[in-house]
Amino acid sequence: MLELRNCCEHCNTHLSAAAKNARICSFECTFCADCVDNILDSICPNCGGDFQPRPIRPATNLTNNICLAAFPAASQSLHRPVDLASHKALVAKIRLLHP
């Protein structure tokens with residue numbers, strides 16, 4: 001089950017469970033759209049993968065009790081600012097790879 005982390009790992013911006021500006025990589029690293037677009041070059045600093053908009057979990061039970069009420073978002077923040085110099089080197093390395 002997707003963890004739905006509650007803040008951007010880099011800038012600590014609050015990201016509610018319904019935030020449309022939340023972005024995740026395949027390992028659920030969570031960043032705000034502003035950091036992804038303007039600082040991270042759309043490359044996850046933790047794994048080197050890309051980002052996608054984070055899905056929004058239904059707030060109330062629509063079917064099978066699979067909803068935010070039954071499976072709440074994370075309550076603990078994971079704030080770990082990106083080392084921008086290291087990330088710049090990672091971006092340069094990834095840009096040299098062929099798809």
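Remember, it's a predicted structure, so these values are computed and weren't measured experimentally.

### Re the nonpolar core
At step 1: Cys 8, Leu 15, Phe 31 and Phe 51 are the most contacted members of the largest nonpolar core, which has 14 residues in total.
At step 2: Among the elements of the structure, β2 (30-32) and α1 (33-38) are those that each provide at least two residues to this core.
At step 3: Setting aside residues up to four positions removed in sequence, Leu 15 forms contacts with Arg 5, Asn 6, Cys 7, Cys 8, Asn 21, Ala 22, Thr 30, Phe 31, Cys 32 and Arg 54.

### Digging into the sheet that holds β2
At step 1: Ordered by their spatial adjacency, three strands build an open sheet running β2-β1-β3, and the pairing between neighbours is antiparallel. Pairing within the sheet leaves two strands with one partner each, and these edge strands are β2 and β3 (52-53).
At step 2: Across two bridges, strand β1 (residues 22-24) lies against β3 in antiparallel orientation. Bridging across to β3, Ile 24 finds its partner in Gln 52.

### Quick word on the state of the cysteines
In a disulfide, the sulfur atoms of two cysteines are covalently bonded to one another.
At step 1: The tally for this structure, following the rule as stated, stands at zero disulfides.
At step 2: Of the cysteine sulfurs around Cys 25, a residue in no disulfide, the closest is that of Cys 29, at 3.5 Å.
At step 3: For the unlinked cysteine Cys 32, the closest cysteine sulfur is that of Cys 35, found at 3.7 Å.
At step 4: In this structure Cys 32 comes out as buried when scored by relative accessible area, which is 4%.

### Some points on the environment of Lys 20
At step 1: Tracing the backbone shows Lys 20 in the segment before β1.
At step 2: Taking the C-alpha atoms as reference, Lys 20 lies 9.1 Å from Cys 32; in sequence the two are twelve residues apart.

### So, unusual backbone geometry
At step 1: Of note in this structure, Glu 28 is not a glycine but carries a positive phi near 70°.
At step 2: Within the secondary structure layout, Glu 28 lies in the loop between β1 and β2.
At step 3: With a relative accessible area of 22%, Glu 28 lands in the partly exposed category.

Reading the values: rules and limits
In this convention, every chain numbers its residues from 1, walking through the sequence in written order. Local features are withheld for residues below a pLDDT of 70 in this predicted model, meaning they are given only at 70 or higher, and side-chain atom pairs are given and counted only at 80 or more; totals for whole chains, interfaces and linings count all residues. Side-chain metrics rest on all non-hydrogen atoms present in the structure, leaving aside hydrogens and water. Nonpolar cores were defined as sets of buried Ala, Val, Leu, Ile, Met, Phe, Trp, Tyr and Cys residues, with membership established by side-chain atoms within 4.5 Å. We call a residue buried when its accessible area falls under 20% of the maximum for its residue type, exposed when it is over 50%, and partly exposed in between, using a 1.4 Å probe and counting protein chains only. Per the convention used, a helix needs a DSSP run of H or I reaching at least four residues, while a strand needs a run of E reaching at least two, with both numbered from the N terminus. We call two residues contacting when some pair of their heavy atoms lies within 4.5 Å. Any two strands are treated as partners once DSSP identifies two or more bridges connecting them. Count a disulfide wherever a pair of cysteine sulfur atoms falls within 2.5 Å.

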